[in-house]
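Tertiary structure, described
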Amino acid sequence: MAMSSSTSSRLHLPSSWHATTTKATCRWRRQRFLPVAAAAAPLRLRAVHATDAAAGQPIDAGSGAADGPDDQHPRLKIAIVGFGNFGQFLARTFARQGHTLLAHSRTDHSAAAAALGATFFADPHDLCESQPDVVLLATSILSAKAVLATLPVHRFRRNTLFVDVLSVKEFPKNLLLASLPDDFDIICTHPMFGPESAGGGWGGLKFVYDEVRVGDCPARRARADAFLDIFAREGCTMVNMSCARHDELAAATQFLTHTVGRMLALLGLEPTPIDTMGYQALLRLVANTCSDSFDLYNGLFMYNQNSTELLNRLESAMDEIKRRLFDELHQVLRKQLFEGSPPLNTDSPGSSSPPLNKNSPGSSSPPLNTDRPDSSTPPLKGDSPDSSSATESSDHDQDGNNEKSENN
Ligand code: NAP
């Protein structure tokens, strides 16, 4: 049995633990997402006090901080399965709030766990035997099925709460329903933020959750509420949404964002001395998306059935943009070839998508630039007296437009 140092003695639980805990958790009072002040209702706290005392697992991190452990929020024993980038990110806040943390992962993260006051278990059997209130699945999407299969779930307490934080939702919902005993509770969640985007705290960031199965027993309800309250009390915007709806929306938001970020990364964008705000936003997008593992991105594609369509639409949109540009170019060239006139523009104001071939030979439409008052036969390049100022003015307009769109 491999286990982080100095913890084995903590994990020898008394034989009475199971009964004690069950009885104790039933004393929790119900608590929904109240503002922190309102949530100060008298709760029976620390339902696993006796157990934790026996296991000798005090959580010190953040103790005494204003937003740290207090007497108004039930504390949970949370086992994080998949203690990588995101698992550790969540653990920092869980620890600060005073929850008891257990961790299990493929890689030996015992040092990182110890730094957070968490107990690391290399062996999933040992993790199960420590009987957490909540098991949080934070492994990669691609490995979730295999990792879950390694957990001897029958060794958990009978009605353990399972939560996943995978960035797709239908897949883990079906997986957990198929793999867990019927009397396990299941909440599928997706914090819509990560280490890159939530450096300044979780306030106002969205937390999507779907209570797939929470038993009727008040204690189970209270445990589910206590878990969700971890995010609510950090100021997250709690979004109760079905897994199917999440995946529908996430393909159009998250997968798109990651895809564009990864495409831009391939261009090797660098900051320049004349960066616009728009360009800086692109650089941030690259940084935000490419700091996540490729496994994560791949999982967004593989395990969201809406992603293929989004990718196809993105490709079509790029083709359409190119087609418009090349059609315009083609028209200009043809005008020069066949008519000797320089139709350098363009459409009437407000026409965002002109018919693509309205000036093609045989078209009854006027040449593209005949709606300019002075454009009967303008020279191609500025040999007219006013052409340079016209060019300047046009450049100026472009700048002005850029400014506007950046501010938007
Ligand atoms: P990730 O690459 O998606 O997952 C890394 C985790 O998966 C690590 O704990 C790693 O274990 C484990 N893992 C990967 N392959 C494995 C395998 N073959 N067998 C066993 N374990 C394996 O990166 P992440 O950012 O940490 O994300 C974790 C989960 O959180 C994902 O499901 C992701 O969708 C979700 N999520 C992430 C974010 C974010 O901003 N990063 C936000 C919301 C949700 P070891 O470290 O032990 O090797």
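Notes on the structure follow. Every value quoted in this text rests on a predicted model; they were computed, and no experiment measured them. (Residues numbered from 1 in each chain as written. Predicted model: local features only at pLDDT ≥ 70, side-chain atom pairs only at ≥ 80, totals over all residues. Heavy atoms only, no water.)

**Looking at unusual backbone geometry**
- Its identity is not glycine, yet glutamine 131 carries a phi of approximately 50°, on the positive side.
- By the secondary structure assignment, glutamine 131 is in the loop between helix H5 (124–129) and strand E4 (134–137).
- Its relative accessible area of 13% is what places glutamine 131 among the buried residues. (Helix = DSSP H or I, 4+ residues; strand = E, 2+ residues; numbered from the N terminus. Buried < 20%, exposed > 50% of the residue type's maximum accessible area, 1.4 Å probe, protein only.)

**Remarks on the nonpolar core**
- Counting 36 residues, the largest nonpolar core has Ile78, Leu90, Phe94, Leu136, Phe227 and Phe231 as the members making the most contacts within it.
- Listed by contribution, the elements that provide at least two residues to this core are strand E1 (77–81), helix H3 (85–96), strand E2 (100–104), E4, strand E5 (161–164), strand E7 (206–213) and helix H8 (218–232).
- With near-sequence residues (within four places) excluded, isoleucine 78 lies in contact with Phe94, His99, Thr100, Leu101, Leu102, Val134, Leu136 and Ile230.
- Counting residues in each nonpolar core, the second largest holds 30 residues, with Leu102, Phe121, Val135 and Phe171 among its members. (Core = buried A, V, L, I, M, F, W, Y, C linked by side-chain atoms within 4.5 Å. Contact = heavy atoms within 4.5 Å.)

**Re the site of the ligand**
- What surrounds the ligand is a group of 27 residues, the closest being Ser105, Thr107, Thr139, Ser167 and Ser293.
- In the environment of the ligand, an oxygen atom lies 2.8 Å from a nitrogen or oxygen atom belonging to the side chain of histidine 109.
- Here threonine 139 contributes a backbone N or O atom positioned 2.7 Å from an oxygen atom of the ligand.
- Across the complex, the protein chains shield 85% of the 870 Å² of accessible surface that the ligand would expose by itself.
- Of all the secondary structure elements, the ones that give two or more residues to the shell around the ligand are H3, strand E6 (185–191) and helix H11 (294–302).
- Of the residues assigned to the shell around the ligand, the class counts are eleven nonpolar, 13 polar and three charged. (Near = heavy atom within 4 Å. Polar contact = N/O pair within 3.5 Å; in protein donor to acceptor, adjacent residues only side chain to side chain. Areas by Shrake-Rupley, 256 points an atom, 1.4 Å probe, with all protein chains shown as cover. Nonpolar A, V, L, I, M, F, W, Y, C, P; charged D, E, K, R; others polar.)

**Concerning the sheet that holds E6**
- With mixed pairing, the eight strands of this open sheet are ordered in space as E3-E2-E1-E4-E5-E6-E7-E8. For this open sheet the edge positions go to strand E3 (119–121) and strand E8 (237–240), each flanked by a neighbour on one side alone. Between one strand axis and the next, the sheet turns by 25° as a mean value, whatever way the strands run.
- Here E5 pairs with E6 via four bridges, running parallel. By the bridge assignment, phenylalanine 162 is partnered in E6 with isoleucine 186.
- Here H3 sits on the sheet and contacts E1, E2, E4 and E6; the angle it forms with E1, its principal contact strand, is near 165°. (Pairing = 2+ DSSP bridges. Axes fitted to C-alpha atoms, helices over the stretch in contact; angles between N-to-C directions.)

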